[in-house]
Amino acid sequence: MGAGTVHDASLGNEIVRRINELGAISEEPEKLTRIFLSKELRKAADLIMGWMREAGMSAHLDAIGNVCGRYEGDRPGMPCLMLGSHYDTVRDAGKWDGPLGVITAISCVADLNRRGKRLPFAIEVIGFADEEGVRFASTLLGSRAVAGTFDESVLNTRDRDGVSMREALVQFGLDPDHIGAAARARRELLAYLELHIEQGPVLEAQNLPVGVVTAIAGATRLAARLSGMAGHAGTVPMALRRDALAGAAECINVVEQFCRTDEGGLLGTVGYIQARPGATNVIPGEVSFTIDMRAPTDMHRKRAVADVVGQIEAIAKRRQLALQLDVTHENRTAPCAPWLKQQIAQAIEAEGFSVFELPSGAGHDGMAMIDIADVGMIFVRCRGGISHHPDEHVALADADAGARVLLRVIENFGPRKA
């Protein structure tokens, strides 16, 4: 906030109240599930647009279902500082992941509007319709449309009920042939800023309510299949076995040990495994498993993936197992712009908190938005680091602290110097 501004202490209360109101919109009565292009998402969009208009913004739904609000600057038609996050959820979700960023941004604009304050730039708030990728197994659909990088081939993918994305867009009231209309040009944006729960335990361990994000870590996902020879558990001697599951176990251990001994923030996860034929008294002949590897820099991640793949290939060869290894997903690291990190740090310090920097291991819409704007992120502490779970929670004081920091960033925002 600018010098001499008296903060409206009700920001945190308003944010928590709206988090709860939005969290009640779900396709399941006892669980929060709000997926892309569902009727629940439409209901949520209407609620959010109402809040945007109350805050003094014009609001509309764009061609992919993103909720877009605009608060003009001291002259109409100026480039904007864009604030955003997503309003879809995973299945059986928490209330805070995504909506906290959208709702906090709206509350900050409402605070400016109450004081009749206009800035030398416009502010736009965007609620992205699909970040999680739950329905069509393709993430960041909302932000990719805005960034102009939406892959139209995904329109033909189908959800678990056999409904194509093209059909779902029509049912939602949108035209799948006009998704390009959601795209924005770089000249329209001064920067993209996102406030989000940390989704990890680091800020809690530091006893801090907010942090400055340094980068959104890139990720590589691999699908592995080891093929050996199934056989009777009682008749094939140990030395003659080509046990695909024992080989997979060794590979999984390599992933864990390699990442545990790395000092550069490398993360590796095997999240899925299936052994066939899957009988107690049969040596597994084929095993499929996944590998997810993330690091704060692309170079580090790519080197690590190459090293782990080399070790897996050596295990397969030694055990006489056929190996198929495919890259199923690759997202590059999105570094946060130093000039935005600096402005966020100044706001945090001015609010009386210690400045702490940390990377994001989870993906965010900024990974898509970096194609058309410099990106900055503010993390807000969440209880126990729990996310994508009903126990996800942000304390009222932390929601308020995040809002105060974001409001201060907005009011003191200076565009990047050429």
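In every chain, residue numbers begin from 1 and rise along the written sequence. Thresholds applied to this predicted model are a pLDDT of at least 70 for local features of residues and 80 or more for the giving and counting of side-chain atom pairs; totals over whole chains, interfaces and linings are not thresholded and use all residues. Only hydrogens and water are set aside; all other atoms, that is, all heavy atoms of the structure, feed into the side-chain values.

1. Thoughts on the overall build of the protein chain
Then, in step 1: Each helix is a run of DSSP H or I of at least 4 residues and each strand a run of E of at least 2, with the numbering of both proceeding from the N terminus. What the protein chain contains, in helices and strands, is 11 helices and 16 strands.
Then, in step 2: As defined in this context, the radius of gyration uses C-alpha atoms, and a globule is described by 2.2 Å times the residue total to the power 0.38. Compactness check: the protein chain gives a C-alpha radius of gyration of 23 Å against a globular reference of 22 Å for 418 residues, within 12% of the reference.
Then, in step 3: In terms of overall dimensions, the protein chain has C-alpha extents of about 80 × 45 × 45 Å along its principal axes.
Then, in step 4: Type-normalised accessible area, obtained with a 1.4 Å probe on protein chains alone, sets the label of each residue: buried when under 20%, exposed when over 50%, and partly exposed for intermediate values. Out of the 418 residues in the protein chain, the part that is buried amounts to 53%.
Then, in step 5: The contact definition used throughout considers only heavy atoms, calling two residues in contact when any of these lie within 4.5 Å. Counting contacts in the protein chain only where the partners sit at least 6 residues apart, residues at least 24 apart contribute 78% of the total.
Then, in step 6: All accessibility values rest on the Shrake-Rupley procedure with a 1.4 Å probe; residue burial counts only the protein chains present in the view. For the protein chain, the exposed area adds up to about 18,000 Å²; of that, 51% sits on carbon and sulfur atoms.
Then, in step 7: For the purpose of counting charges, residues Lys and Arg are taken to be positive, whereas Asp and Glu are taken to be negative. His and the chain ends are not included. Where a charge lies is defined by one atom per residue type: Lys uses NZ, Arg uses CZ, Asp uses CG and Glu uses CD. The distance from the centre of the 45 positive side-chain charges to the centre of the 54 negative ones in the protein chain is 2 Å.

2. Some thoughts on the pattern of salt bridges
Then, in step 1: Whenever Lys or Arg places a side-chain nitrogen within 4 Å of a carboxyl oxygen from Asp or Glu, that contact is recorded as a salt bridge. Scanning the model with the defined rule gives 30 salt bridges in all.
Then, in step 2: Residues Glu330 and Arg301 are paired through a salt bridge, measuring 2.9 Å at the closest nitrogen-oxygen approach. A residue pair is termed long-range when its members are at least 10 positions apart, and Glu330 in strand S13 (residues 322–331) and Arg301 in helix H8 (residues 298–318) qualify at 29 residues.
Then, in step 3: Judged by its relative accessible area of 45%, Glu330 falls in the partly exposed class.
Then, in step 4: Through salt bridges with shared partners, a single network forms among Arg70, Glu72, Glu124, Arg184 and Glu188.

3. Focus: the packing of helix H1 (residues 11–23) against helix H2 (residues 39–54)
The angle between the axes and the distance between the axes are what describe a pair of packed helices.
Then, in step 1: Helix axes are fitted to C-alpha atoms over the stretch in contact, other axes to C-alpha atoms as well, and angles between N-to-C directions run from 0 to 180 degrees. One way to put it is that H1 packs onto H2 with a least axis distance of 10 Å and a crossing angle of 155°. Put simply, H1 runs roughly antiparallel to H2. Across the interface between the two elements, Arg18, Glu21 and Leu22 of H1 pack against Ala44, Leu47, Ile48, Trp51 and Glu54 of H2. What sets the label is the angle itself: under 35 degrees gives roughly parallel, over 145 gives roughly antiparallel, 65 to 115 gives roughly perpendicular, and the rest give oblique.

4. Some remarks on H1
Then, in step 1: The end-to-end C-alpha separation of H1 is 18 Å, in line with the 18 Å expected for 13 residues at 1.5 Å each.
Then, in step 2: Residues Leu11, Gly12, Glu14, Ile15, Arg18, Ile19, Leu22 and Gly23 constitute the buried set of H1. When H1 is viewed along its axis, its buried side chains cluster within an angular range of 160° and face the same direction.
Then, in step 3: Residues of H1 that are buried sit in contact with H2, helix H3 (99–114) and helix H11 (396–411). Here the expected span of a helix is defined as 1.5 Å times the quantity of residues minus one. By arc we mean the arc of the directions from the helix axis to the C-beta atoms, nothing more.

5. Structural notes on unusual backbone geometry
Then, in step 1: Between Arg276 and Pro277 the backbone carries a cis peptide bond, its omega angle lying at 10°.
Then, in step 2: Along the chain, Pro277 falls in the loop between strand S10 (273–276) and strand S11 (282–283).
Then, in step 3: The phi angle at Leu37 is positive, at roughly 65°, despite the residue not being glycine.
Then, in step 4: By the secondary structure assignment, Leu37 is in the loop between H1 and H2.
Then, in step 5: A positive phi angle is found at Asp92, which is not glycine, with a value near 55°.
Then, in step 6: A residue is classified by how much of its surface remains accessible, and Asp92, at 29% relative accessible area, is partly exposed.

6. Considering the packing of aromatic side chains
Then, in step 1: Aromatic pairing here means that ring centres of Phe, Tyr or Trp (its six-membered ring) are within 6.5 Å. Orientation follows from the plane angle: under 30 degrees is stacked, over 60 is edge-to-face, and everything else is tilted. Considering all chains together, one arrives at four aromatic pairs under this definition.
Then, in step 2: Between Phe121 and Phe413, the ring centres sit 5.3 Å apart and the planes meet at 75°, which makes this aromatic pair edge-to-face. Of this pair, Phe121 sits in the loop between H3 and strand S4 (122–128) while Phe413 sits in the segment after H11, placing them 292 residues apart in sequence.
Then, in step 3: Ring geometry for Trp339 versus Phe413: centroids 5.8 Å apart, planes at 45°, classification tilted. Remark: Phe413 occurs in the segment after H11 and Trp339 occurs in helix H9 (residues 338–350); sequence separation between them is 74 residues. The exposure classification of Trp339 matches that of Phe413, with both residues buried.

7. Here we look at the pairing of strand S5 (residues 189–197)
The side chains of a regular strand alternate, first on one face of the sheet and then on the other.
Then, in step 1: Most of S5 is tucked away: eight of the nine residues are buried.
Then, in step 2: In this analysis, strands are considered paired if DSSP registers two or more bridges between them. The pairing of strand S3 (residues 80–86) with S5 spans four bridges and is classified as parallel. By the bridge assignment for S5, Leu83 is matched with Leu193.
Then, in step 3: In the sheet, S5 pairs with strand S16 (residues 375–380) via six bridges, with the strands oriented parallel. Its bridge partner being in S16, Leu195 is matched across the sheet by Ile378.

8. Brief notes about the state of the cysteines
Then, in step 1: We call a pair of cysteine sulfur atoms a disulfide when they lie within 2.5 Å. All told, the structure shown has zero disulfides when counted by the stated rule.
Then, in step 2: We note that Cys68 lacks a disulfide partner, and the nearest cysteine sulfur, in Cys80, lies 10 Å from it.
Then, in step 3: Looking at Cys336, it has no disulfide partner, and the nearest cysteine sulfur is the one in Cys382, 17 Å off.

9. Overview of the confidence of the model for the protein chain
Then, in step 1: In this model, the protein chain carries a mean pLDDT of 95, and residues with pLDDT of at least 70 account for 98%.
Then, in step 2: Considering only residues more than four positions removed or in separate chains, one finds that residues 1–8, a stretch of pLDDT under 50, has 14 contacts. Residue-level confidence of the predictor, termed pLDDT, takes values from 0 up to 100.

10. Side note on the packing of helix H7 (residues 244–260) against H8
Then, in step 1: Between H7 and H8, the least distance of the axes is 10 Å, while the angle of their chain directions is 155°. In this view, H7 runs roughly antiparallel relative to H8, as classed from their interaxial angle. Read as a crossing pair, H7 and H8 show a hand that is right-handed. Facing Gly247, Glu250, Cys251, Val254, Val255 and Phe258 of H7, the residues of H8 in contact are Ala304, Asp307, Val308, Gln311, Ile312, Ile315 and Arg318. Handedness of a crossing is defined here by the sense of rotation of the near helix relative to the far one, left-handed for an anticlockwise turn of less than a right angle and right-handed for a clockwise turn.

11. Description of the environment of Ile64
Then, in step 1: Here Ile64 shows up in the loop between strand S1 (58–61) and strand S2 (67–71).
Then, in step 2: Exposure remark for Ile64: the relative accessible area of 0% places this residue in the buried category.
Then, in step 3: Ile64 sits 143 residues away from Asn207 along the chain, and the two C-alpha atoms are 39 Å apart.
Then, in step 4: Look past the residues within four positions of Ile64 in its chain and what remains in contact with it is Phe36, Leu37, Ala129, Leu141, Gly142, Ala145, Phe150, Leu169, Leu174 and Ile179.

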